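Structural characterization, general
What follows is the residue order along each chain.
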Amino acid sequence: AGANAGANAGANAGANAGANAGANAGANAGANAGANAGANATRRKYFARGCVLADGASCRKLGELEGDDVLAAQHLDSACRHGDALGCRRYAERHFRGRGTVHDNAYARERLLRGCMLDDDSDAGESCRELAGNAALFVGKLDTPSRDTLLDRGCTKGDIASCRMLASEHYGNGRFELAIGPAGRLSALEPNQWTGPYLRGISLYNLGRFDAATGDLERLCELRRGWPYCHFWLFLARERTARNGTPELLRASAAKDPLAWPRPVFGMLLGQLRDAEFLRRARHADRKLELQQLCEAHYYLGARHLLAGQTKEATEHFESTLATGVTNFVEYGAATAELERLRAAQAPSR
């Protein structure tokens with residue numbers, strides 16, 4: 001009897017505890033849901049009032065809270081009309097998908113363009129990049145700004161990807177002067193990434209602005225300390241401005257395998273390897289790899305001869321760089337720029 005009584009008491013206590021815990025959990029969940037619903041209602045009321053007063057950000061936030069797709073689209077349309085760039089982009093996305101509004105690529109394009117051109121940074125320039133990257137939106141639209149204009153606008157408004165795309169495209173096409181601006185903005189937006197200093201530093205170097213290039217190349221070497229090429233470029237930039245680049249190059253030249261490419265470049269620039277031996281080390285059984293290494297080898301040989309005032313030898317090596325046909329290497333573009341300067345210097349004055 002005592003055992004049964006104890007068992008029943010324990011069972012009842014456990015049941016009551018479980019029931020209470022469940023009740024409490026349910027009560028808490030209900031309270032939280034009620035509190036959230038109340039908070040959302042308050043926010044809706046606040047944003048609705050702001051939207052009536054033509055505050056674009058309020059209209060957008062009202063649209064983001066709205067569960068009905070049609071009403072949400074209407075609020076985002078109002079946001080765009082009242083000057084909110086992110087509202088324009090969100091509304092354009094709904095037109096692309098036909099969500100809460102008609103599927104209309106042309107109107108989506110217009111909303112993206114408005115968002116891009118607004119002096120409002122709520123979308124951080126992404127409308128500009130999205131418009132620049134969607135070729136289908138350009139068909140038959142002669143009033144659309146150029147891709148470069150859109151990316152420049154996006155970059156100016158703070159879109160990192162726009163800056164990177166624009167700087168890379170200008171740089172890759174040899175438009176070094178145009179690459180400097182977006183590359184500089186990229187450096188400011190991503191101070192701990194190496195792409196900006198690389199694109200601006202090499203662009204400035206190829207334009208003959210060696211002193212200006214030095215700062216970017218120093219930063220590049222800080223960010224990519226184990227990358228040998230940054231040390232080659234920094235050495236050359238310092239030497240072209242009558243500064244001694246040898247001590248830093250010596251420090252950077254320490255390596256476990258000094259024979260592995262591009263380590264022989266250190267020895268050649270430091271005067272430890274003759275030209276013939278250096279070119280021999282650039283040879284490789286793989287023809288594609290050999291052309292790439294010869295592209296680099298001839299460029300750096302040309303740069304060293306240029307430092308010594310040997311323009312004839314420098315010109316020959318720069319021409320040999322181009323003869324490799326490795327057009328996507330930085331040394332190919334640099335050799336092209338050097339040859340243009342050499343030929344301009346040799347041209348008779350009028």
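Reading guide: rules and limits
Residues numbered from 1 in each chain as written. Predicted model: local features only at pLDDT ≥ 70, side-chain atom pairs only at ≥ 80, totals over all residues. Heavy atoms only, no water. Helix = DSSP H or I, 4+ residues; strand = E, 2+ residues; numbered from the N terminus. Disulfide = S-S within 2.5 Å. Buried < 20%, exposed > 50% of the residue type's maximum accessible area, 1.4 Å probe, protein only. Contact = heavy atoms within 4.5 Å. Polar contact = N/O pair within 3.5 Å; in protein donor to acceptor, adjacent residues only side chain to side chain. Phe/Tyr/Trp six-rings, centres within 6.5 Å; stacked < 30°, edge-to-face > 60°. Salt bridge = Lys/Arg side-chain N within 4 Å of Asp/Glu carboxyl O. Axes fitted to C-alpha atoms, helices over the stretch in contact; angles between N-to-C directions. Parallel < 35°, antiparallel > 145°, perpendicular 65-115°, else oblique. Left-handed = near helix turned anticlockwise from the far one by under 90°. Nonpolar A, V, L, I, M, F, W, Y, C, P; charged D, E, K, R; others polar.

**Some points on the environment of glycine 133**
By secondary structure assignment, the location of glycine 133 is in helix α6 (residues 126–133). Each C-alpha atom, one on glycine 133 and one on leucine 151, is 9.1 Å from the other, the two residues being 18 residues apart in sequence.

**Considering the state of the cysteines**
Under the criterion given, the structure shown has 4 disulfides. Put simply, cysteine 155 and cysteine 163 are joined by a disulfide, and their sulfur atoms are 2.0 Å apart. Linking cysteine 155 and cysteine 163, the disulfide has an S-S dihedral of approximately 100° and is accordingly described as right-handed. A relative accessible area of 0% means that cysteine 163 is categorised as buried. Each disulfide of the chain joins two cysteines, and with those cysteines numbered along the sequence the arrangement is 1-2, 3-4, 5-6, 7-8.

**Quick notes on the environment of arginine 341**
Its place among the elements puts arginine 341 in helix α18 (residues 330–346). Note: C-alpha distance between arginine 341 and asparagine 206 (135 residues apart in sequence) is 9.6 Å. In this structure arginine 341 touches Tyr205, Asn206, Leu207, Gly208, Phe210 and Arg240, once residues within four positions along its chain are discounted. A polar contact of 2.5 Å, which involves the side chain of arginine 341, links it to the backbone oxygen of asparagine 206. A distance of 2.9 Å separates a polar atom in the side chain of arginine 341 from a polar atom in the side chain of glutamate 338.

**A few points about the packing of aromatic side chains**
Within the structure shown, the criterion is met by 18 aromatic pairs. Their ring planes at 70° and their centres at 4.8 Å tell us that phenylalanine 232 and phenylalanine 266 sit as a pair that is edge-to-face. Remark: phenylalanine 266 occurs in helix α14 (residues 263–269) and phenylalanine 232 occurs in helix α12 (residues 228–240); sequence separation between them is 34 residues. Accessibility classification places phenylalanine 232 together with phenylalanine 266 in one group, the buried group.

**Focus: the pattern of salt bridges**
Under the counting rule described, the total for this entry stands at 30 salt bridges. The closest approach of N and O atoms between lysine 157 and aspartate 123, which form a salt bridge, is 3.9 Å. Taken together, the residues span a long stretch of sequence, with lysine 157 in the loop between α7 (147–156) and α8 (160–172) and aspartate 123 in the loop between α5 (105–117) and α6 at a distance of 34 residues. Residue lysine 157 shares its accessibility class with aspartate 123, and that shared class is buried. The partner of aspartate 152 in a salt bridge is arginine 185, with the nearest N and O atoms 2.7 Å apart. With aspartate 152 in helix α7 and arginine 185 in helix α9 (residues 176–189), this pair connects stretches of sequence that are 33 residues apart. The class of arginine 185 is partly exposed, set by a relative accessible area of 27%. Shared partners join several salt bridges into a network, and the residues in it are Arg60, Glu64, Asp84 and Arg90.

**Considerations on unusual backbone geometry**
For the peptide bond that leads from tryptophan 261 to proline 262, omega is 10°, which places it in the cis range. Unusually for a residue other than glycine, alanine 124 sits at a positive phi of about 55°.

**Section: the packing of helix α3 (residues 69–81) against α5**
Where α3 meets α5, the axes come as close as 10 Å, and the angle between the chain directions of the two elements is 45°. Judged by the angle between their axes, α3 and α5 are oblique. Considering the relative orientation of α3 and α5, their crossing is left-handed. On α5, the residues touching Asp77, Cys80 and Arg81 of α3 are Tyr107, Arg111 and Arg114. Its residues placed into classes, the contact of α3 with α5 shows 2 nonpolar, no polar and 4 charged.

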